[in-house]
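Read off the chains here:
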Amino acid sequence: QVQLVESGGGLVQAGGSLRLSCVASGRSFSSYTMGWFRQAPGKEREFVARLFWSSDADYANSVRGRFTISRDNAKNTVYLQMNSLKPEDTAVYYCAAGPAGAWRRVYNYDYWGQGTQVTVSS
């Protein structure tokens, strides 16, 4: 069993930056693929980024080049650095843990955090 707790959300102006953190409890954090998803009001939850090995980061087209996912296995933590934020990035951001090789679909992930709100003003 894995419990995930996100933090770092908030209100920021367009062009600004935020860093989200997600701390995992439980064993074998390094064996999980960690993902970030987001859900805007009235929309489906969508993939943002995923990471297993440090060299295999994967991003949605909408955030590639602006967001960076990273992890610190010693701290059981995954991060999402978000730069050049846009109003369309406004959403609740969720951290998720899945098996090695988990891809971009919500159903690929077994554990979810409670979410953290990110609001980008224009």
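The text that follows walks through the structure, step by step, so that each part is easy to find. (Residues numbered from 1 in each chain as written. Predicted model: local features only at pLDDT ≥ 70, side-chain atom pairs only at ≥ 80, totals over all residues. Heavy atoms only, no water.)

### Focus on the overall build of the protein
Consideration 1: Scanning the protein for helices and strands turns up zero helices and eleven strands.
Consideration 2: Traced from its N-terminal end to its C-terminal end, the protein shows the element sequence β-β-β-β-β-β-β-β-β-β-β.
Consideration 3: Relative to the compact-globule value of 14 Å for 122 residues, the protein shows a C-alpha radius of gyration of 13 Å, a close match.
Consideration 4: Judged by the C-alpha coordinates and their principal axes, the protein covers about 40 × 30 × 25 Å.
Consideration 5: The buried share among the 122 residues of the protein stands at 46%.
Consideration 6: Restricting to contacts in the protein with at least 6 residues of sequence separation, those with at least 24 account for 58%.
Consideration 7: Of the accessible surface of the protein, which amounts to about 6,400 Å², a share of 47% is contributed by carbon and sulfur atoms. (Helix = DSSP H or I, 4+ residues; strand = E, 2+ residues; numbered from the N terminus. Rg over C-alpha atoms; globule rule 2.2 N^0.38 Å. Buried < 20%, exposed > 50% of the residue type's maximum accessible area, 1.4 Å probe, protein only. Contact = heavy atoms within 4.5 Å. Areas by Shrake-Rupley, 256 points an atom, 1.4 Å probe, with all protein chains shown as cover.)

### Some points on the sheet that holds strand β7 (residues 67–72)
Consideration 1: Ordered by their spatial adjacency, four strands build an open sheet running β1-β3-β8-β7, and the pairing between neighbours is antiparallel. The sheet terminates laterally at β1 (3–7) and β7, the two strands that pair on one side only. Taking the axes of each pair of neighbouring strands and ignoring which way they run, one obtains an average angle of 15 degrees across the sheet.
Consideration 2: Where strand β3 (residues 18–25) and strand β8 (residues 77–82) come together, six bridges link them in antiparallel fashion. For Ser 21, the partnering residue across the bridge sits in β8 and is Tyr 79. (Pairing = 2+ DSSP bridges. Axes fitted to C-alpha atoms, helices over the stretch in contact; angles between N-to-C directions.)

### Quick notes on the pairing of β8
Consideration 1: Burial analysis of β8 places five of its six residues in the buried class, which makes it a mostly covered element.
Consideration 2: The hairpin turn running from β7 into β8, its antiparallel successor, is four residues long, and Asn 76 in that turn takes a positive phi close to 50 degrees.

### Brief notes about the pairing of β1
Consideration 1: Judged by which residues are buried, β1 turns out to be one-sided: Leu 4 and Glu 6 face inward and are buried, whereas Gln 3, Val 5 and Ser 7, on the alternate face, are not.
Consideration 2: By the bridge criterion, five bridges tie β1 to β3 in an arrangement that is antiparallel. Note that in β3 the partner of Ser 7 across the bridge is Ser 21.

### Re the side chain of Asp 89
Consideration 1: One can find Asp 89 in the loop between β8 and β9 (91–98).
Consideration 2: Judged by its relative accessible area of 0%, Asp 89 falls in the buried class.

### Comments concerning the packing of aromatic side chains
Consideration 1: One pass over the structure, following the stated rule, counts six aromatic pairs.
Consideration 2: Judged by centre distance (6.1 Å) and plane angle (85 degrees), the rings of Tyr 32 and Tyr 111 are edge-to-face. With Tyr 32 in the loop between β3 and β4 (33–39) and Tyr 111 in strand β10 (residues 111–112), the pair connects residues that are 79 residues apart, well separated along the chain.
Consideration 3: Taking the centre distance of 6.3 Å and the plane angle of 65 degrees together, the rings of Tyr 109 and Trp 112 count as edge-to-face.
Consideration 4: Overall, the relative accessible area of 5% leaves Tyr 109 in the buried class.
Consideration 5: By relative accessible area, Trp 112 is classed as partly exposed at 26%.
Consideration 6: One aromatic cluster in this structure is built from Phe 37, Phe 47, Tyr 109 and Trp 112.
Consideration 7: Positioned above the aromatic ring of Tyr 94, the side-chain terminus of Arg 45 is 3.6 Å from the ring centre.
Consideration 8: Seen from the ring of Trp 112, Arg 45 lies directly overhead, with NZ or CZ sitting 4.9 Å from the centre. (Phe/Tyr/Trp six-rings, centres within 6.5 Å; stacked < 30°, edge-to-face > 60°. Lys NZ or Arg CZ within 6 Å of the ring centre and 35° of its normal.)

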